[in-house]
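Observations on chain architecture
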Amino acid sequence: MTYDFKQIEPKWQKIWKEQKAFAAVDFSPKKKFYGLIEFPYPSGAGMHVGHIKAYGGMEVITRKRRMEGYNVLFPIGFDAFGLPTENYAIKTGMHPRKVTDANIEKFTSQLSRVGFSFDPDRVVDTTDHNYYKWTQWIFLKMFEKGLVFRDTALVNYCPSCKVVLSNEDSQGGKCDICHSDVVQKSKVVWYLRITKYADRLLTGLDSVDYLPNIRQQQVNWIGKSTGAFVDFSVSNADEKLRIYTTRPDTLFGVTFMVIAPEHPIIDKYRASIHNCDEIDAYRAECAKKTEFERTQLVKEKTGVRIDGLSGINPVTGKEIPIYIADYVMMGYGTGAIMAVPAHDQRDYDFAKKFGIDIVEVIRGGDITKEAYTESGEMINSGFLNGYTDKQTSIKKMIEYLTEKGIGEEGVQYKMKDWAFNRQRYWGEPIPIIHCPTCGMVPVPYDELPLLLPDVSNFEPGTDGESPLAKIDLFVNCSCPKCGGAAKRETDTMPQWAGSSWYFLRYIDPDNDNALADKEKLKYWMPVDWYNGGMEHVTRHMIYSRFWHKFLYDIGAVDCEEPYAKRTAQGLILGPDGEKMSKSKGNVVDPNDVVDEYGADVLRTYVMFMGDYTMAAPWNDNSVKGCKRFLDRIWAMQDLIHGTGVTEKLESEFHKTVKKVSSDIEAMKFNTAIAAMMTLVNEIYDNGSLTSDEMGVFVRLLCPFAPHMSEEIWSNLGNKTLCSLAEWPTFDEAKTQASTVTVAVQICGKMKATVEMPAGCDQQTAVSMARANDKVAAALDGKTVIKEIFVQDRIVNFVAK
RNA sequence: GCGGGUAUGGCGGAAUUGGCAGACGCGCUGGUCUUAGGAACCAGUGGGCAACCUUGCAGGUUCGAUCCCUGUUACCCGCACCA
């Protein structure tokens, strides 16, 4: 009887659905487990096998949790706002709503074919107005608390998508969506003040269990540095030029200052500056460069001295030149630096080019060759002379600066405020009204959701205007405050908005009165285990942690950190070892695999491919190996005889239960499956197994290959679902074999193996080892100096 | 440049974290059964005739190193003139 997956798999999927087998129960007295995966963007291409791997890990874990008696919440939804859908709509004239619905349907059907155990009654869609009502609500709460602001800024602008991009979306100077070159453009931009939460986003990492590399990436992204702000007097001007430095200890070595080309002091003191033409020309040149060019062309320092303004070194009293140069950024620190060419390589390069003095203040390097950035004895530094410890010098200098009122300790972050708007149609409308008399007025809460107007033209306006700006009925409104004529904001939110809180909506997806019921939130949160891709570790994870902390501050949620634990899976590469992409034509469609081999084979193979956290190439032949494995399990049903247990096989079962149980927890799915394969081999060697043993086996297999497991489980006479049956337990004593194979070494080289009773002592083991012919021969004529014994492992004779 | 990671048979990968390197699977070789097999099953499979050699490369520590230390090379992923 061959296994007919085409008939059996849909059969069980239907039963699971009818019995609501995977429904999470609010307030169940069982222990709760909230397992989360990153919800997909429903693209027109449908799912690829990478999705199966991304969800497969948590699928196995949550299935095991259910069998262990947990009340499990394992939901899925769709992060459906976004540019690809909108671009497709523009191209075809089809409404993004229709495109999205069709794509979601496609994804849903693919997901159900694979047999994932998502709770079908908690699906969320970020583009549903009942969902984005609450995205807008959170935005308004942030607006209320002063976390939303507008500013003119040079923004990353994609001329092709006609949209403003965040730094995160334009890495490497390329648009994240269409990969064309990004240019700089001055625009009024909405910002969320995420920097206000920078320190809490950093310290919060101490209270969660993230993989070390994930944690490290977030730490780097936040980029905290400590140092000092120092005010430099400017000659010819009643002005203090404030700089930020991490090395206040080197202040005596400051021989010039540099400000960013955009620094406002230039326009303020235009009258005192003699070479405005030269400076303006330089600034114009810088403005032409994109941020990318500016940071990539590291080779040569450029800049212009400001003729007419100079600074005063506050500790030496010496007059020092001020330059503008594009190696200083307006967006970090104060946009002005003190330059210490002797001990900073960038300053050194600049000083060499412009012939500026280089004053050594730390002994230890050769400053005729390059800057010395290590620590050493302080020299030429007044009251700091003689100190050798960097931290002490920094502390002494900060004390001095504070006392004199010319500086203070300071902290800086690399993280910038979050540019929070797009000039696009397919996003959440920003619920703000611009009133000529009242200014920015929030849309009243009872008018939420502010719906996207139903239109048929989604082309963005020229000059990066939102398509919404063309719709008079949407734009023109009355001010909720004074009732006068007013205009609506026409920008929409970026795609990151909806995904910043979706895990909360799963808890109460249909709630009309709140983003989710507080008691339900209290029951389910935090997410116990969140798995996803490394590419979302910085942006999505930091944004959503920020939103969650904000919701905590306003009392909307009860825990400060949303994710108790975070892991990440590795990519599935194409059969050619390259990253899967449509253009390379190496994408594997899960539907094809399900058609040919069935969902269980697909699921098992994807988990077996290799280390879950690492990238691994797809291999069609290896898929067949997993099919063979499952076919052999199916055929094992013919080996069920009531002849009783054999001791050896029983022990193998206990070992396998132990290994599969612990491997799943460690996400070592590949070795868990390998252990089951080994057990199958043992069973065939043994020639038979009992029906109880078969029952244990299919319960172990169930998280990986649930359809076949259910079918065999039912064949064994069970009336309940295997998916909800009790997870097998093991007896530690029975995992240990009565005899062990001990390796015998002479001087660390393996000479023989000897069978011994488990747990035997050194004396017995040594004499048994000596009794071995090969060992005896090798030791003949030698003196044993030392015997090394590791119980049940090794006997090593050190001899000469 | 800084941060993180990886390197093991023909291939994907194991190795209780210092104790028999190569589990498990693929592939390959031979066989059985077949009209046939790209099906199934059985046997073998790191290299070398051997002693021995073998975890990117070179050293070190140790009775013993894939694992720890030092140096080095290659590749991957972040961040990048961050003061």
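The rules behind these values
Residues numbered from 1 in each chain as written. Chains lettered and ligands numbered in written order. Predicted model: local features only at pLDDT ≥ 70, side-chain atom pairs only at ≥ 80, totals over all residues. Heavy atoms only, no water. pLDDT = per-residue confidence, 0-100. Helix = DSSP H or I, 4+ residues; strand = E, 2+ residues; numbered from the N terminus. Phe/Tyr/Trp six-rings, centres within 6.5 Å; stacked < 30°, edge-to-face > 60°. Buried < 20%, exposed > 50% of the residue type's maximum accessible area, 1.4 Å probe, protein only. Lys NZ or Arg CZ within 6 Å of the ring centre and 35° of its normal. Pairing = 2+ DSSP bridges. Axes fitted to C-alpha atoms, helices over the stretch in contact; angles between N-to-C directions. Core = buried A, V, L, I, M, F, W, Y, C linked by side-chain atoms within 4.5 Å. Contact = heavy atoms within 4.5 Å. Polar contact = N/O pair within 3.5 Å; in protein donor to acceptor, adjacent residues only side chain to side chain.

A few points about the confidence of the model for chain A
- Chain-level statistics for chain A give a pLDDT mean of 91 and a share of 96% at 70 or above.
- Here the complex is predicted with pTM 0.93, and the ipTM for its interfaces comes to 0.94.

Some words on unusual backbone geometry
- The step from Leu448 to Pro449 runs through a cis peptide bond, and the omega angle for that step is 0 degrees.
- Met525 connects to Pro526 through a cis peptide bond whose omega is 0 degrees.
- Residue placement: Pro526 occurs in the loop between α15 (518–524) and β21 (529–533).
- Located in the positive-phi region is Lys20, a residue other than glycine, with phi close to 45 degrees.
- Here Lys20 lies in the loop between α1 (5–18) and β1 (32–37).
- With a phi close to 50 degrees, Asn380 is a non-glycine residue in the positive phi region.
- For Asn380, the location among the structural elements is in the loop between α11 (345–354) and α12 (390–404).

Things to note about the packing of aromatic side chains
- Tallied over the full model, the rule gives 45 aromatic pairs.
- With centroids separated by 4.9 Å and ring planes inclined at 55 degrees, the aromatic side chains of Tyr3 and Trp634 adopt a geometry described as tilted. Of the two residues, Tyr3 is situated in the segment before α1 and Trp634 in helix α19 (residues 620–635); the sequence distance between them amounts to 631 residues.
- Look at Trp634 and you get buried, because its relative accessible area is 5%.
- Ring centres 6.3 Å apart and planes at 75 degrees place the aromatic pair Phe33 and Tyr70 in the edge-to-face group. With a gap of 37 residues between them, Phe33 in strand β1 and Tyr70 in the loop between α2 (49–67) and β2 (71–73) connect regions that are remote in the sequence.
- Since its relative accessible area comes to 6%, Phe33 is described here as buried.
- Taken together, the aromatic side chains of Phe139, Trp190, Tyr197, Trp418, Phe420, Trp496, Tyr543, Phe546 and Trp547 make up a single cluster linked through ring pairs.
- One cation-aromatic arrangement involves Lys301 over Tyr327; the distance from NZ or CZ to the ring centre is 5.3 Å.

Section: the sheet that holds strand β20 (residues 485–488)
- Pairing is antiparallel across the open sheet formed by 4 strands, whose spatial order is β18-β17-β20-β19. This sheet does not close on itself; its edge strands, each paired only once, are β18 (439–442) and β19 (476–478). Across the sheet, the mean angle from the axis of one strand to that of its neighbour is 40 degrees, orientation sign disregarded.
- With 3 bridges joining them, β19 and β20 adopt antiparallel strand pairing. By the bridge assignment for β20, Ser478 is matched with Ala485.

Points about the nonpolar core
- Counting 85 residues, the largest nonpolar core has Phe139, Leu515 and Trp547 as its most contacted members.
- The dominant element in this core, judged by the number of residues it contributes, is helix α5 (residues 129–144), at 9 residues.
- Each residue touching Phe139, except ones within four places of it in the same chain, is listed here: Val148, Trp190, Leu192, Phe420, Ile430, Pro431, Ile432 and Met493.
- Listed in part, the 84 residues of the second largest apolar core include Val601, Met636, Met667 and Met694.

A short note on the environment of Ser235
- Take Ser235: it is sitting in the loop between β9 (224–234) and β10 (240–245).
- A residue is classified by how much of its surface remains accessible, and Ser235, at 14% relative accessible area, is buried.
- Each C-alpha atom, one on Ser235 and one on Ile337, is 17 Å from the other, the two residues being 102 residues apart in sequence.
- Aside from chain neighbours lying at most four places away, what touches Ser235 is Leu309, Ser310 and Glu319.
- Reaching out from Ser235, the side chain makes a polar contact with the side chain of Ser310 at a distance of 2.7 Å.

Digging into the side chain of Ser651
- Considering the arrangement of structural elements, one finds Ser651 in helix α20 (residues 647–665).
- According to the relative accessible area criterion, Ser651 is buried, its value standing at 12%.
- In contact with Ser651, other than residues within four places in its own chain, are Lys734 and Thr735.

Regarding the sheet that holds β1
- Spatially, the 5 strands line up as an open sheet ordered β2-β1-β21-β22-β8, and their pairing is parallel. A strand with exactly one partner marks an edge of an open sheet, and here the two such strands are β2 and β8 (209–210).
- Examined bridge by bridge, β8 and strand β22 (residues 565–569) share 2 bridges and lie parallel to one another. Bridge pairing in β22 links Asp209 to Lys565.

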